[in-house]
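A look at the structure
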Amino acid sequence: MASNGVDEQIKLVEGPAGYVLEDVPHLSDYILDLPTYPNPLQSNAAYSVVRQYFVDEDDTVQEKIVVHKDSPRGTHFRRAGPRQKVYFKPSDVRACIVTCGGLCPGLNTVIREIVCGLHFMYGVTEVIGVDCGFRGFYSKNTVALTPKTVSDIHKRGGTILGTSRGGHDTSKIVDNIQDREINQVYIIGGDGTQKGANAIYKEIRRRGLKVAVAGIPKTIDNDIPVIDKSFGFDTAVEEAQRAINAAHVEATSVENGIGIVKLMGRYSGFIAMYATLASRDVDCCLIPESPFYLEGKGGLYEFIAKRLRENGHMVIVIAEGAGQDLVAESIEQQDASGNKLLKDVGLWMSLKIKEYFAKHNVMDITLKYIDPTYMIRAIPANASDNVYSTLLAQSAVHGAMAGYTGFVSGLVNGRHTYIPFNRITERQNKVVITDRMWARMLSSTNQPSFMNPPKGTTEFTD
Ligand SMILES: Nc1ncnc2c1ncn2[C@@H]1O[C@H](COP(=O)(O)OP(=O)(O)OP(=O)(O)O)[C@@H](O)[C@H]1O
Ligand SMILES: O=P(O)(O)OC[C@H]1O[C@](O)(CO)[C@@H](O)[C@@H]1O
Ligand SMILES: [Mg+2]
């Protein structure tokens, strides 16, 4: 095994033909002579009939599956799933679960399936929930979680544990983990949360504790890299259809009707792009990754006037992070986690359009602005996200029981894997506007590319 020796977390294993495994840490990397136990699943009636239920230690999943005949084999991740041996005696396990960051459909499903997976697959009975995010470790009481208490929570939106932004104090959190004799920590949250989880893992390792830290990436914006998509994303896109439909009905019911829908997406426009593609009623989709301008040739005002003349109505979907540089602002504000607080670009754009059409006497318009922001994330997961969340949770449980730590459970090319924290926190996933998906979206709306703002007009102001 080759380790780069720079960061104890990065474990690289190289093989023939350019094969690289970006492996995840294991408790045995820093604690010697750990005892192992046979996996209780071997005698579980549901699983023992499955041939090859246990994952081979050497199974890995390739990151890039489109290759040429001479391509190197490239990066791989460890395949998730149950191992023959586990590193925890079930009766010794004391697990905890925490949810942090914004809400996302499926959070309760993940909580439920960690509790039920630990209980029914491994016979673990001690699972506690941390109240209200990271700060709950040191400022709140915990709640006992049993299969009974979580049995129907997947039907509810939100998180039964509560969530928060800010309040991450690594040493206080790890002190608390130590004091409560917790030895498995399941951390559900987005990019910020997983950075926090990484810090917790590193501190636990520095103290030499036998505590497995497993992350389950959560982001409604789909902005976590490497993984195929995040749980809850499908549900959010589906719910966004209701707002787009409403905007379309409003716009088509009047002369020169314009419906504007603002959707979530702080830095990444995935929800807006997929919701637009799914709907086919959208005339223009604006996302943070693709700057646009209002005035002049090729600008938004010109396009709106053209569409209204052609069709008599139009629908615009705008991601909340789009066009932020257009919205005049003096003081930049942040939330408790340090995330930039955004201006309401949907409202701003609605006012600008109304003002422009009135001032220039272009035509009489009727504009309705719909902001379903929190409605698309405060709902229970749909069927597909429920199944997906279940498998992510079960993978995390299998990984922690097998002694892996410092990892997130994630889907890569349709297979469940364990990915080291650093790989998902080092950058954000964004819509690549030179990729085919954005081109498909453009061809569905036939909107301007906004690539060539006319000279003389201020590029990003009106
Ligand atoms: N770099 C960091 N190191 C340690 N903790 C962090 C870091 N960034 C954020 N956190 C903590 O993680 C938690 C959640 O962070 P944040 O509010 O940014 O949400 P998130 O996990 O990114 O989810 P989302 O943005 O999808 O809603 C907060 O408690 C915050 O203090
Ligand atoms: O208002 P809150 O709860 O901070 O959450 C808003 C943010 O959360 C996100 O959904 C990410 O989870 C962003 O798209 C959005 O800007
Ligand atoms: Mg975030």
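Residues numbered from 1 in each chain as written. Chains lettered and ligands numbered in written order. Predicted model: local features only at pLDDT ≥ 70, side-chain atom pairs only at ≥ 80, totals over all residues. Heavy atoms only, no water.

The name given to the chain in UniProt is ATP-dependent 6-phosphofructokinase 6, and the organism recorded there is Arabidopsis thaliana. In its Cofactor section, the UniProt record describing the chain reads: "Mg(2+)". (UniProt positions renumbered as here; feature names shortened; annotations may be inferred.)

Another point: the packing of helix α6 (residues 233-252) against helix α7 (residues 270-279). Interaxial distance between α6 and α7 falls to 9 Å at its minimum, and their mutual angle equals 60°. Taken as axis vectors, α6 and α7 run oblique relative to one another. The chirality of how α6 crosses α7 is right-handed. Each of Phe233, Ala236, Val237, Ala240, Gln241 and Ile244 in α6 lies in contact with α7, whose residues at this interface are Phe270, Ile271, Tyr274, Ala275, Ala278 and Ser279. Residue classes in the contact of α6 with α7 are distributed as 10 nonpolar, two polar and no charged. (Axes fitted to C-alpha atoms, helices over the stretch in contact; angles between N-to-C directions. Helix = DSSP H or I, 4+ residues; strand = E, 2+ residues; numbered from the N terminus. Parallel < 35°, antiparallel > 145°, perpendicular 65-115°, else oblique. Left-handed = near helix turned anticlockwise from the far one by under 90°. Contact = heavy atoms within 4.5 Å. Nonpolar A, V, L, I, M, F, W, Y, C, P; charged D, E, K, R; others polar.)

Sequence positions flagged by UniProt for "binding site: substrate" are, in local numbering, Thr219, Ile220, Asp221, Met264, Gly265, Arg266, Glu320, Tyr374, Met375, Ile376 and Arg377. From the list above, the largest pocket is lined by Thr219, Ile220, Asp221, Met264, Arg266, Glu320, Tyr374 and Arg377. Setting aside residues no more than four positions away along its own chain, Thr219 makes contact with Cys104, Ile224, Ser230 and Phe231. One can find Asp221 in the loop between β12 (212-217) and α6. Here Asp221 falls in the buried class, since its relative accessible area comes to 11%. (1 Å grid on protein atoms, 1.4 Å probe; cavity = no way out; pocket = protein on both sides within 12 Å on 5 of 7 lines; lining within 4 Å. Buried < 20%, exposed > 50% of the residue type's maximum accessible area, 1.4 Å probe, protein only.)

For the structure shown, the criterion picks out eight aromatic pairs. With a centroid separation of 5.8 Å and 70° between ring planes, the pair formed by Tyr356 and Phe357 is classed as edge-to-face. The exposure class of Phe357 is buried, given its relative accessible area of 1%. Through successive ring pairs, a cluster of aromatic residues spans Phe292, Tyr293 and Phe450. When the ring centre of Phe88 is taken as reference, the NZ or CZ atom of Lys210 above it lies at 4.5 Å. (Phe/Tyr/Trp six-rings, centres within 6.5 Å; stacked < 30°, edge-to-face > 60°. Lys NZ or Arg CZ within 6 Å of the ring centre and 35° of its normal.)

Considered domain by domain, the chain is made up of domain 1 (2-230 + 381-425) and domain 2 (234-378 + 432-445). Relative to domain 2, the C-alpha centre of domain 1 lies at a distance of 36 Å. With 16 residues of domain 1 at the interface, the matching set in domain 2 holds 17 residues. Of the roughly 1400 Å² buried where domain 1 meets domain 2, counting both sides, 48% is carbon and sulfur surface. Summed over the three residues of domain 1 that lose the most area to domain 2, namely Arg165, Ile220 and Asp221, the buried surface amounts to 40% of that side. Here domain 1 and domain 2 share two salt bridges between them. (Domains from an automatic or database assignment. Buried area = accessible area lost by both parts, 1.4 Å probe. Salt bridge = Lys/Arg side-chain N within 4 Å of Asp/Glu carboxyl O.)

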